[in-house]
Amino acid sequence: AYNCLIHFYKRLITRSATILLILLATCLLYGEQVAGDQEHQLVLPLVSDSSQPGDAQLILPAESDNWMVDNCLAVKMVAQIKLYPNNSNILVTKNIPALAKVSPTSSCSYMNSTTRQVITLEWSEADRSSGILTRSLSLYFSLINTIPPTYTVSMATSMYQLSMAKVLGKMSPGQNTTDMESKSDSTYIRMTTTIMNPLQFMVPKNRSFLCEESLTVEMMAELITTDGTPDEKLQKAMLTISSFQFDAFRPTTFTSLPSPQFQPATSCSSPSATDLVPIVVGCSLAGLVFFIMIGYLVGRRKVEVKGCATVIEQGEVQ
């Protein structure tokens, strides 16, 4: 009986590799189907005032924290920048105010490109020593020629005016000091993520992207003068955004709609391809254990039956 059991397990081991591959393929196909179904289910149902069937479903966000560029790009978010104004390791935290204005430098076709859009938010803050200082935050969106087309946040930049001083210009011959012209000499902190790699938020075109979670990205920081000349490298700054919704490369048909409104949204909780790994591994291990247990029970049963038959035959011979 012992020899029969050993022979059975030898045959079982030689077949286990093939069975394991079959289980892996089955789990992979099943995992992709589940992920695809969940992705379709995670497209959020949005509400509009229209009750007619077939009408577009749109979101009307709060007016205090959303911005729009010529109806082609809409953004809603809570954002915060943490930076080091100098090398003293003193961290300064600045919130982007809800009253920030969309800068005229924002564009639906950045640098005359139909695949790039940018929104720049500007605001000012009072400083005791320098007076009114200006700050800005820019988000860049790129359209990717995939099938279907998608867009992404490709870069973020910020300008932070650190100080401003009035400087007297050169005095011309025969000119007194009261006639001398003065100019502003400002110092800025320029921050940028450069081109993000990997790109953030791959969103299907004609969809918006909605997320209640927070995202933090690092930004290179440096001091520059009024004319943009780099002066000193600083420690990295951090941009954190939360409760945000992006809607870029909006269709031209939206020009007739009251702004701001967002297209149907895709949630940031949609499953990624990496979610398939634990599904495949778990299914494969569970299937292999189940197969071995069934094989063990069947083999043991056969050995017991054969042993009983041998004992009966020996009894009959005697």
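In this report, we go over the structure that sits alongside the text. (Residues numbered from 1 in each chain as written. Predicted model: local features only at pLDDT ≥ 70, side-chain atom pairs only at ≥ 80, totals over all residues. Heavy atoms only, no water.)

**Topic: the nonpolar core**
Most often, soluble globular proteins have nonpolar side chains that are buried together. Here is the rule: Nonpolar cores are built from buried Ala, Val, Leu, Ile, Met, Phe, Trp, Tyr and Cys residues. Side-chain atoms within 4.5 Å join them into one set. The classification of residues rests on relative accessible area computed with a 1.4 Å probe and restricted to protein chains. Under 20% of the type maximum is buried, over 50% is exposed, and intermediate values are partly exposed. Note on contacts: a residue pair is in contact if any heavy atoms of the two residues lie within 4.5 Å.
Within the largest apolar cluster, 41 residues are counted, with the highest numbers of intra-cluster contacts made by M77, I119, F141, M191 and F246. In contact with M77, other than residues within four places in its own chain, are D65, W67, L121, L137, L139, I241, S242, S243, F244 and F246.

**Some points on the pattern of salt bridges**
Here is the rule we go by: What makes a salt bridge here is a side-chain nitrogen of Lys or Arg within 4 Å of a carboxyl oxygen of Asp or Glu, nothing more. Helix and strand definitions follow DSSP, with helices as H or I runs of at least four residues and strands as E runs of at least two, each counted in order from the N terminus.
Summed over all chains, the structure comprises six salt bridges. Close ionic contact of R190 with E222 constitutes a salt bridge, the shortest N to O distance being 2.6 Å. With a gap of 32 residues between them, R190 in strand β8 (residues 182-192) and E222 in strand β10 (residues 208-225) connect regions that are remote in the sequence. Accessibility expressed as a relative area gives 14% for E222, which makes it buried. A salt bridge links E222 to K233, with the shortest nitrogen-to-oxygen separation between them at 3.4 Å. Taken together, the residues span a long stretch of sequence, with E222 in strand β10 and K233 in strand β11 (residues 230-247) at a distance of 11 residues.

**Section: the side chain of R135**
What counts here: As used in this structure description, the phrase polar contact means that two N or O atoms lie within 3.5 Å; if the pair is within protein, one of them must be able to donate a hydrogen and the other to accept it, and residues adjacent in sequence are counted only when both atoms belong to side chains.
Along the chain, R135 falls in strand β6 (residues 131-144). In this structure R135 comes out as buried when scored by relative accessible area, which is 6%. Only 3.3 Å separates the side chain of R135 from the side chain of Y160, close enough to count as a polar contact. Setting aside residues no more than four positions away along its own chain, R135 makes contact with K94, L121, E122, W123, E125, M159, Y160 and Q161.

**Some details on the state of the cysteines**
Keep this limit in mind: Put simply, a disulfide is two cysteine sulfurs that come within 2.5 Å.
Under the criterion given, the structure shown has two disulfides. The disulfide partner of C72 is C108, and the S-S distance across this bridge is 1.8 Å. Where C72 bonds to C108 through sulfur, the torsion about that S-S bond is close to -95°, and the disulfide is left-handed. Of this pair, C72 sits in the loop between β1 (66-69) and β2 (73-83) while C108 sits in the loop between β4 (101-102) and β5 (116-127), placing them 36 residues apart in sequence. You can call C72 buried: its relative accessible area is 9%. Two residues, C211 and C268, share a disulfide whose sulfurs are 2.2 Å apart. Handedness of the C211-C268 disulfide follows from its S-S torsion of about 70°: it is right-handed.

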